[in-house]
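# Breakdown of the fold
Below are the chains, spelled out letter by letter.
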Amino acid sequence: MELMEDFSRPPLVPVKGIPLIKYFAEAIGPLQNLTVWPDDLLISTYPKSGTTWMSEILDMIYQDGKLEKCRRAPIYARVPFLEFRCPGVPSGLESLEETPAPRLIKTHLPLSLLPQSLLDQKIKVIYVARNPKDVAVSYYNFYNMAKVHPDPGTWESFLENFMDGKVSYGSWFQHVKEWWGLTHTHPVLYLFYEDMKEHPEILSILQNPKREIKKVLEFLGRSLPEETVDFIVYHTSFKKMKENPMTNYTTIPSEIMDHGVSPFMRKGTTGDWKNTFTVAQNERFDAHYAKTMKGCNLKFRCICKCICICILGIKAS
Ligand code: PPS
């Protein structure tokens, strides 16, 4: 892979009012001519919501749990990133052209920037949403390590920008709401990172996405033997994916992603925001959340828990 230029953290570029990474903004025009295939499957998320995790689960399902087949290439080559563009690296569109059917496609685009053909042809979508406080913390660390982003500045200022939708891909609030709205008219399976983390029986911190994987299988109209599902659960655990070079993004040159600053597979937990938010930031965020999400019936379990924790006092822990 030959790198052509210094990434120099270019400022975000607005496209139809949505701020985007400069290189991705340049990809939006050509993307509008995308030819979709009826068996394409779109994995849509706001950044840092569990995209890579869901991508690996889906590729394992598509490969009938055959690990060696999932090791054929890094995750970004197996699941092309629709709007990806970066000097010296194949674009999302180029990767997509090399991918045989049935294709898995990753996007973070809001609906206003999505190629219309994906909506017109009612391509199946799996959407994963995550508690916005954990998203904000994960995104801040990602901005620091992935140099296609502008400098994030201090955590304090990044959080303000996040709440105002002045980060790449715009407002988290708008994103989760509009894709939720799409579930009424399109084949969208809307899942939550927290449900994937939660052990179904004992509500413990143990990771067990089995119940959610079964929802995915049903949505796809596929079935797999129980032991294959267990195998997928095991191989898509945070620990296994963190040590797997085909999923942990260490194959990306450090000029683009510097894992020394913060690894891509960072913590993989729920509630990590409590280690970063101050009490004041948490209160401000909760007030903003209540105002912005008013009238929306989407429920993020951690938000309520956080409010309770906050009422109980002492820092947000
Ligand atoms: S990206 O760059 O937007 O596509 O990132 P994305 O994959 O959506 O999100 C990265 C966060 O997901 C965590 N992650 C996981 N958590 C649990 N289990 C598994 N298997 C897993 N794989 C990735 C990853 O660690 C990032 O979260 P943080 O909180 O930063 O650790």
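Just so you know, these numbers come straight off a predicted model, no measurement behind them.

Around the ligand, the surrounding shell holds 23 residues, and the nearest of these are Thr51, Thr52, Ser138, Lys267 and Gly268. Contacts to the ligand include Ser49, whose backbone N or O atom sits 3.1 Å from an oxygen atom. Within the side chain of Arg266, an N or O atom sits 2.8 Å from an oxygen atom of the ligand. In the complex, 98% of the free accessible area of the ligand, which totals 650 Å², lies under the protein chains.

Strand order in this open sheet of four strands is S4-S3-S5-S6, and the pairing throughout is parallel. Here the strands that pair on one side only, and so sit at the sheet edges, are strand S4 (104-107) and strand S6 (188-192). When the angles between neighbouring strand axes are averaged without regard to direction, this sheet yields 20°. The pairing of strand S5 (residues 124-129) with S6 spans five bridges and is classified as parallel. Looking at the pairing, Val128 lines up with Leu191 of S6. Contacting strand S3 (41-45), S5 and S6, helix H9 (residues 172-182) crosses the sheet at an angle of about 145° to S5. Contacts between helix H11 (residues 210-220) and the sheet are confined to S3, S5 and S6, with S6 contributing the most and set at about 175° to the helix.

With that settled, consider the confidence of the model for the chain. With 90% of its residues at a pLDDT of 70 or more, the chain has an overall mean of 91. pLDDT under 50 marks residues 304-317. Its contacts with residues more than four places away, or in other chains, come to 21 contacts.

Let's shift gears to the environment of Lys106. Structurally, Lys106 can be placed in strand S4. By relative accessible area, which is 9% here, Lys106 ends up buried.

Turning to the packing of aromatic side chains, a few remarks are in order. On inspection of all chains with the given rule, the structure shows 28 aromatic pairs. Taking the centre distance of 6.0 Å and the plane angle of 90° together, the rings of Tyr139 and Phe158 count as edge-to-face. With a gap of 19 residues between them, Tyr139 in helix H7 (residues 132-145) and Phe158 in helix H8 (residues 155-163) connect regions that are remote in the sequence. Between Phe277 and Phe285, the aromatic rings sit 5.8 Å apart at their centres with planes inclined by 80°, giving edge-to-face as the arrangement. Above the ring of Trp37, the side-chain terminus of Arg103 is found at 3.7 Å from the ring centroid.

Here is what the cut-offs are and how they apply
Residues numbered from 1 in each chain as written. Predicted model: local features only at pLDDT ≥ 70, side-chain atom pairs only at ≥ 80, totals over all residues. Heavy atoms only, no water. Near = heavy atom within 4 Å. Polar contact = N/O pair within 3.5 Å; in protein donor to acceptor, adjacent residues only side chain to side chain. Areas by Shrake-Rupley, 256 points an atom, 1.4 Å probe, with all protein chains shown as cover. Pairing = 2+ DSSP bridges. Helix = DSSP H or I, 4+ residues; strand = E, 2+ residues; numbered from the N terminus. Axes fitted to C-alpha atoms, helices over the stretch in contact; angles between N-to-C directions. Contact = heavy atoms within 4.5 Å. pLDDT = per-residue confidence, 0-100. Buried < 20%, exposed > 50% of the residue type's maximum accessible area, 1.4 Å probe, protein only. Phe/Tyr/Trp six-rings, centres within 6.5 Å; stacked < 30°, edge-to-face > 60°. Lys NZ or Arg CZ within 6 Å of the ring centre and 35° of its normal.

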